[in-house]
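Structure at a glance
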Amino acid sequence: MAGNPEKKEHLYKILVIGELGTGKTSIIKRYVHQFFSQHYRATIGVDFALKVLNWDADTIVRLQLWDIAGQERFGNMTRVYYKEAVGCFIVFDVTRASTFDAVVKWKTDLDSKVQLADGSPVPCVLLANKCDQAKEGLVNNSNQMDDFCKEKGFIGWFETSAKENINIDDSARFLVQRILENDSNIKRDEEDQDRITLGSKQSEIKSPKEKGGCC
Ligand code: GTP
Ligand code: MG
């Protein structure tokens, strides 16, 4: 059967950030190319990858993945790299608790430098990577991890392994789902705005309270 000629296409910029050697590049390579290597070569600056998802019968999603070097936390370039991102993964290494300690710094850096068009924070998923190995620290307690995520404004967290291909697709699907929801909310808000601008009748102007919706 022929495909739907009216397919909607979305292009989303997704950031992948976190400390040096936590597995950002490996996660992207696994997700996009189904490839894993033990060999470590630090990313310099930023790398890019594109993943195309046939989301449903009517929707194609193109993810532009920005693989940002761990060493950029000490640089001034992140503001430039984060621009216009609509989603983010923050990655830590379950075998090194120090990489988890830095997660909050990355999240603060992100939230202070980029927001969605409606001013809300960019949806961010926390990835506890290398779960094929022995875990160290808070990640051993999933209730505490849930609380941590709630408190720090992550939309969720996943244990992942780029090596064993665990939860990589699931975590991406989870993030894209949220991005699509945000997208339709923002578009609806923009349409409301247009109505305010174009409409001549005062009665068409809605106060934010009347719009309803959730937090
Ligand atoms: P920077 O580019 O320096 O920021 O590092 P990165 O976060 O991109 O890390 P990278 O993907 O290069 O991985 C670092 C090392 O960890 C490599 O030797 C990988 O093979 C290894 N690694 C990555 N993911 C996993 C995993 O899920 N399990 C195991 N066992 N090793 C992994
Ligand atoms: Mg890298």
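An unreviewed UniProt entry annotates the protein chain as Ras-related protein Rab originating from Crassostrea virginica. Recorded under Sequence similarities (unreviewed entry), the UniProt text for the protein chain is reproduced unchanged: "Belongs to the small GTPase superfamily. Rab family."

Moving on, we get to the site of ligand 1. In the region of ligand 1, 24 residues are neighbours, and K24, S26, S37, Q38 and Y40 sit closest. Contact distances for ligand 1 include 2.8 Å between an oxygen atom and a backbone N or O atom of A162. Relative to its unbound accessible surface of 660 Å², ligand 1 loses 94% to contact with the protein. A per-element tally of the shell around ligand 1 places helix α1 (residues 24-33) first, with three residues.

On to the coordination of the magnesium ion (ligand 2). Those donors, T25 (OG1) and T43 (OG1), are the protein atoms that reach the magnesium ion (ligand 2), and they lie 2.0 Å from it. Taken together, the residues span a long stretch of sequence, with T25 in helix α1 and T43 in the loop between α1 and β2 (46-56) at a distance of 18 residues. The partly exposed category is assigned to T25, whose relative accessible area is 22%. On the basis of relative accessible area, T43 is assigned to the buried category, the value being 11%.

Conventions used here
- Residues numbered from 1 in each chain as written.
- Chains lettered and ligands numbered in written order.
- Predicted model: local features only at pLDDT ≥ 70, side-chain atom pairs only at ≥ 80, totals over all residues.
- Heavy atoms only, no water.
- UniProt positions renumbered as here; feature names shortened; annotations may be inferred.
- Near = heavy atom within 4 Å.
- Polar contact = N/O pair within 3.5 Å; in protein donor to acceptor, adjacent residues only side chain to side chain.
- Areas by Shrake-Rupley, 256 points an atom, 1.4 Å probe, with all protein chains shown as cover.
- Helix = DSSP H or I, 4+ residues; strand = E, 2+ residues; numbered from the N terminus.
- Donors = N, O, S within 2.8 Å, 3.2 Å for Na, K, Ca; no water.
- Buried < 20%, exposed > 50% of the residue type's maximum accessible area, 1.4 Å probe, protein only.

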